[in-house]
Amino acid sequence: MKILISNDDGYQAPGIVALYEALKGLADVEVVAPEHNNSAKSNALTLHSPLYVHRAANGFRYVNGTPADCVHIALTGLLGYRPDLVVSGINNGANMGDDTIYSGTVGAAMEGYLFGIPAIAFSQTERGWAHLEVAGQKAAELVRHLLPTLPSGDDAGRRQAPWLLNVNIPCRPAEQIRGFKVARLGRRHAAEQVITQTNPRGETMYWIGSAGPAKDDAEGTDFHATAQGFASITPLQVDLTDHERLAYWVPTAAAMGAGTP
């Protein structure tokens, strides 16, 4: 089995090193990650400037681009083979609720998913890398369980529809993590106010405010599961269509098109 690892914190981040160390005994593992921190880059691709790939002393390859760039380049020519699983993380902080829309960690995993490869995004629920080794162990535990279910090699006929999992692991000692629990995404309040500062030339600078507190953290959500000591597993999909309201907008479209010859 072959696993591609990426992240959004950069190839030198403790989280990706811990993930590599946790998974390298389970399969052939390669790392292609951003050169610098690319948090909140979501699925962005770099289209108007060249991208370069370099190899670090530890064997990791890094790209002067986004998380999605890294996975895209890896899958469309750099690796020379199709991995069986794409894994992203371990992120320095939670990717729960609305965070997943902005997350570069999820964006890297989603790029693999869009290429038809099963993918997992791993995050810790708090920043600071506390109990990172435990998070790596939990990530390896889940991957070890899932690998036997994946068809290996390039036999497309054996491949099933890919899946995309978003996993958040509590920053706790191993004995305080109660296991895994499947949960839906919760919701957050709007982000905090923008932070303004003045630079030495008298110009106003703006910094995006921090994420707001949880708005929907009821039982069944990722917020609730992790607060209770579980590592949350949320299956994600890419289809943003509001299927329930398709019929609602049909009369509007019909009215707008009524005068069209």
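Residues numbered from 1 in each chain as written. Predicted model: local features only at pLDDT ≥ 70, side-chain atom pairs only at ≥ 80, totals over all residues. Heavy atoms only, no water.

- Looking at an unreviewed UniProt entry, the protein chain carries the name 5'-nucleotidase SurE, with the source organism given as Hydrogenophaga luteola.
- Looking at the Function (unreviewed entry) heading of the UniProt record, one finds this comment for the protein chain: "Nucleotidase that shows phosphatase activity on nucleoside 5'-monophosphates."
- Quoted straight from UniProt, the Catalytic activity (unreviewed entry) entry for the protein chain says "a ribonucleoside 5'-phosphate + H2O = a ribonucleoside + phosphate". (UniProt positions renumbered as here; feature names shortened; annotations may be inferred.)

### Some points on the pairing of strand β2 (residues 28-34)
Stage number 1. Extensive coverage of β2 is indicated by the burial of 5 of its 7 residues.
Stage number 2. Where strand β1 (residues 2-6) lies against β2, 4 bridges are found, and the strand directions are parallel. By the bridge assignment for β2, Ile3 is matched with Val29.
Stage number 3. In this region the chain leaves β1, passes through helix α1 (residues 14-23) and returns to the parallel neighbour β2; the handedness of that crossover is right-handed.
Stage number 4. Strand direction decides the pairing type here: β2 and strand β4 (residues 61-63), joined by 3 bridges, are parallel. Looking across to β4, one finds that Pro34 is bridged to Val63. (Buried < 20%, exposed > 50% of the residue type's maximum accessible area, 1.4 Å probe, protein only. Helix = DSSP H or I, 4+ residues; strand = E, 2+ residues; numbered from the N terminus. Pairing = 2+ DSSP bridges. Right-handed = clockwise from strand over helix to strand, strands pointing away.)

### Remarks on the packing of aromatic side chains
Stage number 1. On inspection of all chains with the given rule, the structure shows 3 aromatic pairs.
Stage number 2. With a centroid separation of 4.2 Å and 10° between ring planes, the pair formed by Tyr11 and Tyr62 is classed as stacked. Here Tyr11 is found in the loop between β1 and α1, whereas its partner Tyr62 is found in strand β4, with 51 residues between them in sequence. Tyr62 carries the same exposure label as Tyr11, and that label is buried. (Phe/Tyr/Trp six-rings, centres within 6.5 Å; stacked < 30°, edge-to-face > 60°.)

### As for α1
Side chains that are three or four residues apart share a direction in an α-helix, a result of its 3.6 residues per turn.
Stage number 1. When we look at burial in α1, the residues that qualify are Gly15, Ile16, Ala18, Leu19 and Leu23. The buried side chains of α1 occupy one side of the element, clustering within an arc of 160° when seen end-on.
Stage number 2. Taken together, the buried residues of α1 touch β1, β2, β5 (85-91), β6 (119-124) and α5 (132-146). (Arc of directions from axis to C-beta. Contact = heavy atoms within 4.5 Å.)

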